[in-house]
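Commentary on secondary and tertiary structure
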Amino acid sequence: MKIAHFSRIGFILAAAGSAVGLGNIWKFPYIAGEYGGGAFVLVYLVTVLSIGFSIMIAEMLIGYLGRMDAAKSFEKLAPSNKSRWRLAGMMGIWAGLLIMTFYSVVIGWILHYIVVAFSALPSSVAEAESAFNTLLHDSIITQIFYHTLSFILISAILVRGIKAGIEKLNLILMPMLFIIVGGMFLYALTLDGFSQAWDFMFSPDWSKLNSEAFVIAVGHAFFTLSLGMGAILTYSASLPKEVNLVKSSLYVVALDTIIALLAGLMLFTFLYQYGAEPSKGPGLVFISLPAVFYEMGTLGNAFAILFFFALAFAGLTSAVSLTEPMVQYLIDKFDMTRFKAVVVAGGFFYLVGIIALLSNTTAYGDMLHFGSKNFFDWVDYITAAFMLPFGGLLMAIFIGYKIPKKQVFAAVGKSLGRAFSVWYFILRYIAPVALIIVMLNLLGVITF
Ligand code: PFF
């Protein structure tokens, strides 16, 4: 593999760019809304700070020690059963492309809403709802157009490679994203709705925490941190040797959590302030929010433009990290040029993305509905609730049991200091047990 190294700050921003994505600004607020707020947020936070943080270090370590694409890194480092461990990497690589099938469609919606924000915002929630539903259910050509635009943008960045593409993109977009979200949060702080938003996010109502909410919260912790599928691993393979993995993990986890909480508080403040519903589902930022921005008058238009740009930035920096593991794999395995690898990987999510998009439409929805969900929702559910936590479980076992403790200690022992044994204990016992419980619950073997 031809290695182009990230700079230190470039790596942290790229890893944070991967983590901070649609998961933080689009998904987190609406699932927190759907599952009742406080208790859900708490389970998510505890998972992120304990298991999430520990597995983040483990995943970085696999890339850092392996120095190859996700599949080859596992294969190279595994002391035995090499080809089986390779599959752990392969599963992650595919999970990324599967996520991309709906992720690119959602980025398309966002690009469409940037255009809307520049023109006329919907003047009521009802109007906003009907506009979003029309886009989703009836506007096939518009959706394909924006999905195509999203595919072109993502591919154009990826063909430039690690340094000139991914690193540069993150160096520019991430600071802008922080400024926009931070600025809008400060404004939200001045509104009365803020205290209601705070209560909604942080006062747990335990009766709302059923086992489904629990599983979704754990799954989301993985999704939002980009864990368990090799995105962070693939980036870490291009790290300069002298980087401190523990510190880098800490920055990424902290930035991701801060942005999710700021975005959530900001959004719910606006919703409460203007009397809109927090439990609107996936349409939350596309229905309730545009109507709220309309209510704000001229300032609202500026906010709408900034908000949807921030959302697009968050989405794009994550999308490149979702596709790069497959791109790197194709380059390593088949000796493809980067350009060809991007066309193959991008072509896959582009075409399957069209199926995902069609599964939301009135015309093709029935055909693409299986059991309780349509194709779009199944991909989201299977990847976030199952594939990522399962990938995380395998990573915890890999570092906790398969790689000699001496080698692990040599890489992160010094920077973890006395926390090393706590971290190692979480990887060996806490994370596997928690994740196995989640998996069994998902498979319907146990309920709680
Ligand atoms: N973390 C991204 C988000 O919150 O939107 C999504 C994601 C990116 C998941 C990369 C997994 C991944 F490997």
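Everything below is about the structure printed above this text.
Attention here is on the structure that accompanies the text. Computed from a predicted structure; not experimentally measured. (Residues numbered from 1 in each chain as written. Predicted model: local features only at pLDDT ≥ 70, side-chain atom pairs only at ≥ 80, totals over all residues. Heavy atoms only, no water.)

Around the ligand, a shell composed of 15 residues is seen, among which Gly23, Tyr103, Phe223, Ser226 and Met229 lie nearest. Interatomic distance of 3.1 Å between a backbone N/O atom of Ser18 and a nitrogen atom of the ligand. Here a nitrogen atom of the ligand sits 3.0 Å away from a polar atom, N or O, in the side chain of Ser226. Out of a free accessible area of 340 Å², the ligand has 100% covered by protein chains. Elements supplying a minimum of two residues to the shell around the ligand: helix 1 (8–19), helix 2 (22–34), helix 10 (211–225) and helix 14 (298–334). Of the residues in the shell around the ligand, the class split is seven nonpolar, eight polar and no charged. (Near = heavy atom within 4 Å. Polar contact = N/O pair within 3.5 Å; in protein donor to acceptor, adjacent residues only side chain to side chain. Areas by Shrake-Rupley, 256 points an atom, 1.4 Å probe, with all protein chains shown as cover. Helix = DSSP H or I, 4+ residues; strand = E, 2+ residues; numbered from the N terminus. Nonpolar A, V, L, I, M, F, W, Y, C, P; charged D, E, K, R; others polar.)

The description of an aromatic ring pair uses the distance of the two centres, along with the angle that the planes make with each other. Enumeration according to the criterion identifies 44 aromatic pairs in this entry. With a centroid separation of 5.0 Å and an interplanar angle of 85 degrees, the aromatic rings of Phe145 and Tyr146 are classed as edge-to-face. For Phe145, a relative accessible area of 48% puts it in the partly exposed group. Classification of Tyr146 by relative accessible area gives buried; the value is 12%. A ring pair is formed by Phe409 and Phe420, whose centres lie 4.8 Å apart and whose planes are at 80 degrees; its orientation type is edge-to-face. In this pair, Phe409 is assigned in helix 17 (residues 405–416) and Phe420 in helix 18 (residues 420–442), connecting sequence segments eleven residues apart. Under the relative-accessibility criterion, Phe420 is labelled buried at 6%. Above the plane of the ring of Tyr64 lies Lys241, whose end atom (NZ or CZ) is 4.8 Å from the centre. Sitting above the plane of the Tyr381 ring, Lys373 keeps its charged end 4.5 Å from the centroid. (Phe/Tyr/Trp six-rings, centres within 6.5 Å; stacked < 30°, edge-to-face > 60°. Buried < 20%, exposed > 50% of the residue type's maximum accessible area, 1.4 Å probe, protein only. Lys NZ or Arg CZ within 6 Å of the ring centre and 35° of its normal.)

Right, let's talk about the nonpolar core for a bit. Within the largest apolar cluster, 182 residues are counted, with the highest numbers of intra-cluster contacts made by Phe270, Phe307 and Trp423. Of the residues forming this core, the biggest block, 21 residues, is contributed by helix 5 (residues 82–118). Ignoring any residue separated from it by four or fewer positions in sequence, one finds Phe307 in contact with Ile25, Met184, Met266, Leu267, Val285, Leu289 and Phe293. (Core = buried A, V, L, I, M, F, W, Y, C linked by side-chain atoms within 4.5 Å. Contact = heavy atoms within 4.5 Å.)

Along the polypeptide, Arg338 turns up in helix 15 (residues 338–358). Only 2.8 Å separates the side chain of Arg338 from the backbone oxygen of Leu158, close enough to count as a polar contact. In this structure, Arg338 is in contact with Leu158, Val159, Gly161, Ile162, Glu324, Val327, Gln328 and Ile331, ignoring residues within four places of it in sequence.

A separate point is the environment of Phe145. Within the element layout of this structure, Phe145 appears in helix 7 (residues 140–158). In this structure, the C-alpha to C-alpha distance between Phe145 and His112, residues 33 residues apart in sequence, is 9.4 Å.

With that settled, the discussion passes to helix 17. In an α-helix, one turn spans 3.6 residues; hence positions three or four apart end up facing the same way. Over its twelve residues, helix 17 runs only 14 Å from end to end, short of the ideal 16 Å by more than 12%, given 1.5 Å per residue. Of all the positions in helix 17, only Val408, Val412, Gly413 and Leu416 are classed as buried. An end-on view of helix 17 places all buried positions within 135 degrees of arc, on one side of the element. Facing away from the buried surface of helix 17 by more than 90 degrees, the exposed residues are Lys406, Ala410 and Lys414. Where helix 17 is buried, its residues meet helix 3 (38–66), helix 12 (245–273), helix 16 (375–402) and helix 18. (Expected span 1.5 Å × (residues − 1). Arc of directions from axis to C-beta.)

For the rest of this paragraph, the subject is the pattern of salt bridges. Applying the stated criterion across every chain, the model contains five salt bridges. Here Glu167 makes a salt bridge to Lys163, at a shortest N to O gap of 3.4 Å. In this pair, Glu167 and Lys163 both sit in helix 8 (residues 161–189), four residues apart, roughly one turn of the helix. The class for Glu167 is buried, based on a relative accessible area of 6%. Residue classification places Lys163 among the partly exposed residues on the basis of a relative accessible area of 39%. Here Asp205 and Lys208 are joined by a salt bridge, their closest N and O atoms 3.7 Å apart. Here Asp205 falls in the partly exposed class, since its relative accessible area comes to 33%. (Salt bridge = Lys/Arg side-chain N within 4 Å of Asp/Glu carboxyl O.)

Moving on to helix 9 (residues 193–202). Inspection of helix 9 places Gly193, Phe194, Ala197, Phe200 and Met201 among the buried residues, and these make up the whole buried set. Buried residues along helix 9 cover an arc of 125 degrees about the axis, so they all sit on one side. In this structure, the buried side of helix 9 is in contact with helix 2, helix 3, helix 8 and helix 12.

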